Amino acid sequence: MTGLLVGAVFGAVFVVVNAQSPLNTVTANLLRVAACLAAASVVAMWIITARKERSVAGPRRNMFGRGYLIVVAAEAILLFGGIRVLAAWERPEQTNVAWVAFVVGVHFIALAPVWKDWGIAVPGVVLTLLGAAGLVLASTAAVAWVPLISGVLSGVVLLTGALTFGWRTVAQPA
């Protein structure tokens, strides 16, 4: 459930930061509020699940072992190194969110075999495609739409996944 919490927080950040022009102000603000409410819902589900898990003692799987650390280290290098390369190439600022979505998506795909959970590959593929779409759009006159395509939609994907799987976890019997 901790992974869902992290996904929800980053999903909300994707939406809050990227809900901007060319969206009108009302739409952008509604998206921000909805994202924050969705993230708060996942936090509530996380708390409920943590209490439920505490009452059912048992061995827990270590998700944050060596494979995870390798994937996250590679992600950090690609994120920050890629943003520096994009700046050196004088790409539009909007390209950064597309790059972030692309790398975060690839990181989910890479974590699927590490965690032996192919369910996380699905949002990984979607985020990777949204990031790739943004990278392509950044080279066109539609560059202003990159934050919506690669940022807001990526956030919606993360939040939807966190809400869906969080609800499934809360709804299962102890």
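Everything numeric in this text was worked out from a predicted model, so none of it was measured.

K.L.:
Help me understand the overall build of the protein chain in this model?
P.N.:
Scanning the protein chain for helices and strands turns up 6 helices and 0 strands. Put simply, the protein chain runs from its N terminus to its C terminus through helices and strands in the order α-α-α-α-α-α. Dimensions of the protein chain, computed from the C-alpha atoms along their principal axes, are close to 55 × 40 × 20 Å. When each of the 174 residues of the protein chain is scored for burial, the buried share is 33%. Counting contacts in the protein chain only where the partners sit at least 6 residues apart, residues at least 24 apart contribute 71% of the total. Accessible area of the protein chain: about 10,000 Å², with a carbon and sulfur share of 71%. Charged side chains in the protein chain number 11 positive and 5 negative. The centres of these two groups are separated by 11 Å.

K.L.:
What's the story with unusual backbone geometry in this structure? I'm lost.
P.N.:
With glycine set apart, most residues show a phi of negative sign, and most peptide bonds adopt trans. Ser21 connects to Pro22 through a cis peptide bond whose omega is 20 degrees. Relative to the helices and strands, Pro22 resides in the loop between helix H1 (2–18) and helix H2 (25–55). Although it is not a glycine, Glu90 sits at a positive phi angle of roughly 55 degrees. Mapped onto the elements, Glu90 comes out in the loop between helix H3 (66–88) and helix H4 (95–115). Of the residues examined, Glu90 reaches a relative accessible area of 72% and is grouped as exposed.

K.L.:
How should H4 be read in this particular structure?
P.N.:
Because an α-helix completes one turn every 3.6 residues, residues spaced three or four positions apart along the sequence face the same direction. Helix length check: H4, at 21 residues, gives a terminal C-alpha distance of 30 Å against a target of 30 Å (1.5 Å per residue), a fit within 8%. Looking one or two residues beyond H4, the residue adopting positive phi is Lys116, at roughly 50 degrees.

K.L.:
Would you take a moment to explain the environment of Ala171 for this structure?
P.N.:
Following the sequence through the fold, Ala171 ends up in helix H6 (residues 146–171). When the C-alpha atoms of Ala171 and Thr49 are compared, they prove to be 9.5 Å apart, with 122 residues separating the residues in sequence.

K.L.:
Sorry, what's going on with the side chain of Thr95 here?
P.N.:
Mapped onto the secondary structure, Thr95 falls in helix H4. Setting aside anything within four residues of it in sequence, one finds Thr95 in contact with Leu86, Leu135 and Ala138.

K.L.:
Can you walk me through H1 in this structure?
P.N.:
Taking 1.5 Å per residue, 17 residues should reach 24 Å; H1 reaches 24 Å between its end C-alpha atoms and fits that length. Among the residues of H1, Leu5, Gly7, Ala8, Gly11, Ala12, Phe14, Val15 and Asn18 are the ones counted as buried.

K.L.:
Quick question: what am I supposed to make of the packing of aromatic side chains here?
P.N.:
Taken as a whole, this structure holds 4 aromatic pairs when the rule is applied. Here the aromatic rings of Phe64 and Tyr68 are separated by 4.9 Å at their centres, their planes lie at 80 degrees, and the arrangement is edge-to-face. On the basis of an interplanar angle of 90 degrees and a centroid distance of 6.4 Å, the ring pair of Phe64 and Trp115 is categorised as edge-to-face. In this pair, Phe64 is assigned in the loop between H2 and H3 and Trp115 in helix H4, connecting sequence segments 51 residues apart. Residue Phe64 is classed as partly exposed on the basis of its relative accessible area of 41%. Put simply, the rings of Phe64, Tyr68 and Trp115 pair up and form one aromatic cluster.

Scoring rules and cut-offs
- Residues numbered from 1 in each chain as written.
- Predicted model: local features only at pLDDT ≥ 70, side-chain atom pairs only at ≥ 80, totals over all residues.
- Heavy atoms only, no water.
- Helix = DSSP H or I, 4+ residues; strand = E, 2+ residues; numbered from the N terminus.
- Buried < 20%, exposed > 50% of the residue type's maximum accessible area, 1.4 Å probe, protein only.
- Contact = heavy atoms within 4.5 Å.
- Areas by Shrake-Rupley, 256 points an atom, 1.4 Å probe, with all protein chains shown as cover.
- Lys, Arg positive; Asp, Glu negative; His and termini not counted.
- Charge placed at Lys NZ, Arg CZ, Asp CG, Glu CD.
- Expected span 1.5 Å × (residues − 1).
- Phe/Tyr/Trp six-rings, centres within 6.5 Å; stacked < 30°, edge-to-face > 60°.

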